[in-house]
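# Remarks on the overall topology
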Amino acid sequence: MVVFHLIINNSCNLCCKYCGELAFDKKINSNYCNFPEVDESLPEEMAFNVSDLVSFLKKYNNPVLVFYGGEPLLSYTKIEDIVKAIDFPCTYVIQTNGLLLDKISSTILNNFSTILVSIDGCKETTDYFRGVGTYDKLVQNIKFILKNGYKGNIIARMTLMEPISFYDEVMYLLNNKDYCFKEIHWQLNANFYPDFKFRKFKLWSKTYFSDLKKLYSFWLDELQKGNVIKLYPFLGITKRLIDLENNKDFEGYYLPCGAGHYGFGIQTDGNIVPCPIMVGMYTYYIGNIFSKITEKELMHKSIKPSGCDLCKYYSICGGRCLYSNITKPWDKQDYDFLCDLTKKTIDVVTNGYNTRIKQFIFEKKLCVDDFSYKEYIGPEIIP
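Residues numbered from 1 in each chain as written. Predicted model: local features only at pLDDT ≥ 70, side-chain atom pairs only at ≥ 80, totals over all residues. Heavy atoms only, no water.

## Some remarks on the packing of aromatic side chains
We apply this condition: Paired rings are identified among Phe, Tyr and Trp, the last through its six-membered ring, by centres lying within 6.5 Å, and are further divided according to the angle between planes into stacked (under 30 degrees), edge-to-face (over 60) and tilted (the rest). Helix and strand assignments come from DSSP, with helices taken as H or I runs of at least 4 residues and strands as E runs of at least 2, each series counted from the N terminus. Any residue under 20% of the maximum accessible area for its type is buried, any over 50% is exposed, and the rest in between are partly exposed; the area is computed with a 1.4 Å probe on protein chains only.
The tally for this structure, following the rule as stated, stands at 32 aromatic pairs. Ring geometry for Tyr92 versus Phe112: centroids 5.7 Å apart, planes at 35°, classification tilted. You can see Tyr92 sitting in strand β3 (residues 91–96) and its partner Phe112 sitting in strand β4 (residues 112–118), a full 20 residues away along the chain. Between Tyr254 and Tyr314, the ring centres sit 5.4 Å apart and the planes meet at 75°, which makes this aromatic pair edge-to-face. You can see Tyr254 sitting in the loop between α10 (232–245) and β8 (263–266) and its partner Tyr314 sitting in helix α12 (residues 314–317), a full 60 residues away along the chain. Here the two residues Tyr254 and Tyr314 agree in accessibility, since each one is buried.

In structure tokens, the structure reads:
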């Protein structure tokens, strides 16, 4: 299976505190030291024909196409054209802020297996990071698509940073009166910009890790009842532990997101990058949609994080994030701090797996397949 994140545009209708605001903060960005050269001339929107994309995808057996941006639904008519043009088995996914979900045709959207929506918790928290009114519009649109027949998965995709209470926000999403999310992924806003010294990440991480342990205890208690809540960082690490115990062949590639091996990004100019956030990093281009590159050839060009392969956590963590491993926006001591936090997270889940989950499986309260999920589409990244 191969997953393509189609970067259908490079525009967005929000300016979130951990994305747009940081991207244009000169004080922060002046601290970049060794950022790879980037092609600044990329088209703002997909600049090749739909037929070119269809011809490219047709070479793959049931590819997964993830619509990505920018904000992909700013190009909802183009998305509709692409789905209408594909006449072979293809799995559709979209990662969106959700503000335009009411614009795309329900006939088209109902073909999607998964929608990942950006939400950070309650109304106050989501609006604080993403802009006033974001929460209400997103929830309104989720209700709208469900009313219009959407039956696929809806995954809450949280971005975490100080000062929020991580545990409270996850529990809110699981139990809120507006819409109860059944699947949640979270990712730390960490090591994406050279912003460490401008933040209180180190201090806040103590609260985050305490919340993580509390949330993991809750997750284990639910597992004991036979209830597998799809909290993806816990689910993903557990699935990796199961796969390693069963001697799954990872071909020496361990990044849970699959970037650069199982998953790739297609830029607006048709060039292929190992990861959809590596837009314009032309040193790492591995082909384009106009070539006859095959799935085997793409995987043969695998790009792996460097300097992690001797670490005992590597087969689970895989280097955590290919983009940040290459760009190195945080200084080494700050990166090492994040690395230690990742290791502690893995230790918590590993301990729970060895002491409780194996017993649940032995007692047949759960089975191994309960921890399976659709991989490489976006929600399996180690936070």
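## What to know about helix α6 (residues 123–130)
Along α6, the positions that sit buried rather than exposed are Thr125, Thr126, Asp127, Phe129 and Arg130. Of the residues flanking the end of α6, it is Gly131, one or two places downstream, whose phi is positive at about 120°.

## Description of the sheet that holds strand β2 (residues 64–68)
Formally: At least two DSSP bridges between two strands are required for those strands to pair. Note on contacts: a residue pair qualifies if any of its non-hydrogen atoms lie within 4.5 Å across the two residues. Lines fitted to C-alpha atoms define the axes, with helix axes restricted to the stretch in contact, and inter-axis angles between N-to-C directions lie between 0 and 180 degrees.
If you trace the nine strands from one edge of the open sheet to the other, you get β7-β6-β5-β4-β3-β2-β1-β8-β9, paired in mixed fashion. The two strands at the open ends of the sheet, each matched to only one other strand, are β7 (230–231) and β9 (272–273). With respect to the sheet, helix α9 (residues 201–224) is in contact with β5 (153–160), β6 (183–188) and β7, its orientation differing from that of β6 by roughly 155°.

## What to know about the pairing of β5
Short version of the rule: With the strands aimed away from the viewer, a crossover counts as right-handed if its path from the first strand over the helix to the second runs clockwise.
Among the eight residues of β5, seven are classified as buried, and the element is accordingly described as predominantly covered. Examined bridge by bridge, β4 and β5 share five bridges and lie parallel to one another. Pairing of Leu116 across the sheet is with Ile155, part of β5. As paired strands, β5 and β6 are joined by six bridges and run parallel to one another. Residue pairing in the sheet places Ile155 in a bridge with Glu183 of β6. In this region the chain leaves β5, passes through helix α8 (residues 166–175) and returns to the parallel neighbour β6; the handedness of that crossover is right-handed.

## Examining the packing of α9 against α10
Two packed helices can be described by the angle between their axes and the distance between those axes. Rules: Each angle gets one of four labels, with under 35 degrees taken as roughly parallel, over 145 as roughly antiparallel, 65 to 115 as roughly perpendicular, and the rest as oblique. Each crossing gets its hand from how the near helix is turned against the far one by less than a right angle, where anticlockwise is left-handed and clockwise is right-handed. Polar here means any residue other than Ala, Val, Leu, Ile, Met, Phe, Trp, Tyr, Cys and Pro, which are nonpolar, and Asp, Glu, Lys and Arg, which are charged; Gly is therefore polar.
Running from amino to carboxyl end, α9 crosses α10 at an angle of 70°, the nearest separation of the two axes being 11 Å. Compared by their axis directions, α9 and α10 come out roughly perpendicular. The way α9 lies across α10 gives a crossing that is right-handed. Two secondary-structure elements touch here, α9 through Leu212, Leu215, Tyr216 and Trp219 and α10 through Phe234, Leu235 and Thr238. Of the residues in the contact of α9 with α10, the class split is six nonpolar, one polar and no charged.

## With respect to the side chain of Arg199
So the rule is basically this: Polar contacts, as used here, are pairs of N or O atoms within 3.5 Å; protein pairs need one atom able to donate a hydrogen and one able to accept it. Residues neighboring in sequence count only if both atoms are side-chain atoms.
Relative to the helices and strands, Arg199 is located in the loop between β6 and α9. Arg199 sits in the buried class, given a relative accessible area of 16%. At 3.1 Å, the side chain of Arg199 and the side chain of Asp195 are in polar contact. Those residues in contact with Arg199 that lie beyond four places of it in its chain are Met161, Glu162, Asn189 and Trp330.

## Some thoughts on the environment of Lys374
Along the polypeptide, Lys374 turns up in the segment after α14 (332–362). Through-space distance from the C-alpha of Lys374 to that of Ser113 is 9.9 Å; in sequence the pair is 261 residues apart. If near-sequence neighbours (up to four positions away) are discounted, Lys374 is found in contact with Met1, Val64, Thr91 and Glu380.

## Details of the side chain of Thr345
Among the structural elements, Thr345 can be located in helix α14. What makes Thr345 buried here is its relative accessible area of 5%. Among residues more than four places away in sequence, those in contact with Thr345 are Phe209, Leu212 and Ile237.

That is the geometry; function is a separate question.
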